[in-house]
Amino acid sequence: MDSKKTKTILKSTRNRVQVFRRLFESNANILILINPDPDAMASALAMKRLLWKHVYRMTIARTKEIKRLDNLAMVELLKIPMVEFETTDPESFSHRVLVDSQPHHFEMLESLTFDAIIDHHPHEKTSKASYIDIRPKYGANSTILTEYLRAGGITPSMKLATALLYGIKTDTADFERSGIEDDINQFHYLLQYANMNLLKKIEKAELRPGELDYFAAAIKNRVVTDEVIYTHMGKVPNADICVQVADFFFKVLGIGWIFVSGVYEDMVIIIIRNDGYRKDAGKVASRSFGDIGSAGGHRGAARAEIPLDMLKQKGIRGHGSSLEDFIKKRLEPFL
């Protein structure tokens, strides 16, 4: 990017940062809410740094337990402080901020009001706050927060830069799935401050030995039609194993669509991936499952979550063939 364009972006973002900071008094006690994937955790860390010395206290609360090994490694190696959302009283905080997500993504958040929402997912009309910065074209929310830090004259620490770099890497799939020029520019900026050895340690922590059995089952149960792979995994130990299997199948030559489903606790998880060429995974997720659960995402990657209770009302019980047949019928145009 040429220096003139960079200065223009920084000037525009500098105004945003000023408006954003004015939302909070010096005695503000802020709850930062996230769905704890790498991009969200990095964004929350950047938020804390952005408001450091401007407010009294900040707490990062995660909406669910972290089970993926790489995400656990990120928390441990980068010392990311978080509490469970269930252990907090949201109303006891003077302000609430949502990053890398919107209220409709989680039922538990829909009843809350927010002072600020900073996100890069498609803008839902019901998402309301005093301050909103939603940029669906951006590949990662970490890119937005990096721009905020730079506009605020803040140089990220080694750990913060490593977190933001990893956030951009994961949400853009190393720029194979998404990303625009802004993502690339902030990625290159962060490289000079990040610890690449720490980053490698985080990235390599992916699988437990026992999880290989789920990969074996997914491969055995796969259905391949033309350029599509679908597999149903039944009950899984965590939702992220479905994501890992989908990303694994994405490496298969000649495959344009991947659909992976599984059941974690009381929720059916459906992960969708595609090669991004004249396709929109987010729209497919919404059209196929939006009427019975939460569904959406980006052009190349999307997710749907359906409560088992909702399916029981339709006469679908269990985790096996009847559920698989139901999902297949919903995805019939592709299978």
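Our subject is the structure that appears above.
Let me sum up the structure you'll find in this document.

Here is what the cut-offs are and how they apply
Residues numbered from 1 in each chain as written. Predicted model: local features only at pLDDT ≥ 70, side-chain atom pairs only at ≥ 80, totals over all residues. Heavy atoms only, no water. Salt bridge = Lys/Arg side-chain N within 4 Å of Asp/Glu carboxyl O. Buried < 20%, exposed > 50% of the residue type's maximum accessible area, 1.4 Å probe, protein only. Helix = DSSP H or I, 4+ residues; strand = E, 2+ residues; numbered from the N terminus. Pairing = 2+ DSSP bridges. Phe/Tyr/Trp six-rings, centres within 6.5 Å; stacked < 30°, edge-to-face > 60°. Contact = heavy atoms within 4.5 Å. Axes fitted to C-alpha atoms, helices over the stretch in contact; angles between N-to-C directions. 1 Å grid on protein atoms, 1.4 Å probe; cavity = no way out; pocket = protein on both sides within 12 Å on 5 of 7 lines; lining within 4 Å. Points joined across faces, edges and corners; volume = space filled by probe spheres on them.

In total, this model carries 14 salt bridges according to the counting rule given. Where Glu91 meets Arg96, a salt bridge forms, and the shortest distance between an N and an O atom there is 3.9 Å. Between Asp275 and Lys279 there is a salt bridge, and its shortest N-O distance comes to 2.8 Å. Members of the salt-bridge network, linked through shared partners, are Arg16, Asp133, Arg135 and Glu147.

Let us now look at the pairing of strand 4 (residues 95–99). Of all 5 residues in strand 4, 5 are buried; the element is thus mostly enclosed. Neither face of strand 4 is exposed, since His95, Val97 and Val99 on one face and Arg96 and Leu98 on the opposite face are all buried. Note that strand 1 (residues 29–34) and strand 4 share 4 bridges and pair parallel. The residue of strand 4 that forms the bridge with Ile30 is His95.

Once that is clear, we can look at the packing of aromatic side chains. By the definition in use, this model includes 8 aromatic pairs. Here the aromatic rings of Tyr189 and Tyr193 are separated by 5.4 Å at their centres, their planes lie at 65°, and the arrangement is edge-to-face. The buried category is assigned to Tyr189, whose relative accessible area is 13%. Taken together, the ring pairs connect Phe20, Phe24, Tyr131 and Tyr148 into an aromatic cluster.

If you trace the 6 strands from one edge of the open sheet to the other, you get 3-2-1-4-5-6, paired in parallel fashion. Either end of the sheet is taken by a strand with one partner, and the two such strands are strand 3 (83–84) and strand 6 (129–134). Relative to strand 5 (residues 114–119), strand 4 is paired through 3 bridges, and the arrangement is parallel. Directly across from Val97, in strand 5, lies its bridge partner Ala116. Of the strands in this sheet, strand 1, strand 2 (57–62), strand 4 and strand 5 touch helix 2 (residues 38–51), which is tilted by about 160° from strand 1. Sitting on the sheet, helix 4 (residues 141–151) touches strand 4, strand 5 and strand 6, and the angle it makes with strand 5 is about 110°.

Right, let's talk about unusual backbone geometry for a bit. Residues other than glycine seldom take positive phi values, yet Asp226 does so here, at roughly 50°. Residue placement: Asp226 occurs in the loop between strand 7 (223–225) and strand 8 (228–235). A positive phi angle is found at Glu265, which is not glycine, with a value near 55°. Locating Glu265 in the fold gives a position in the loop between strand 9 (257–264) and strand 10 (267–274).

Our focus in this paragraph is the layout of surface pockets. Here the second largest pocket is characterised by a volume of approximately 780 Å³. Of all the secondary structure elements, the ones that give two or more residues to the lining of the second largest pocket are strand 10 and strand 12 (301–307). Ranked by residues supplied to the lining of the second largest pocket, first place goes to strand 12 with 3 residues.

Turning next to the sheet that holds strand 8. With mixed pairing, the 6 strands of this open sheet are ordered in space as 7-8-9-10-12-11. What marks the edges here is a single partner per strand, and that holds for strand 7 and strand 11 (294–297). Neighbour to neighbour, the strand axes of the sheet diverge by 10° on average, direction disregarded. Looking at chain direction, strand 10 and strand 12 are connected through 7 bridges and run antiparallel. Its bridge partner lying in strand 12, Ile269 is registered against Glu305.

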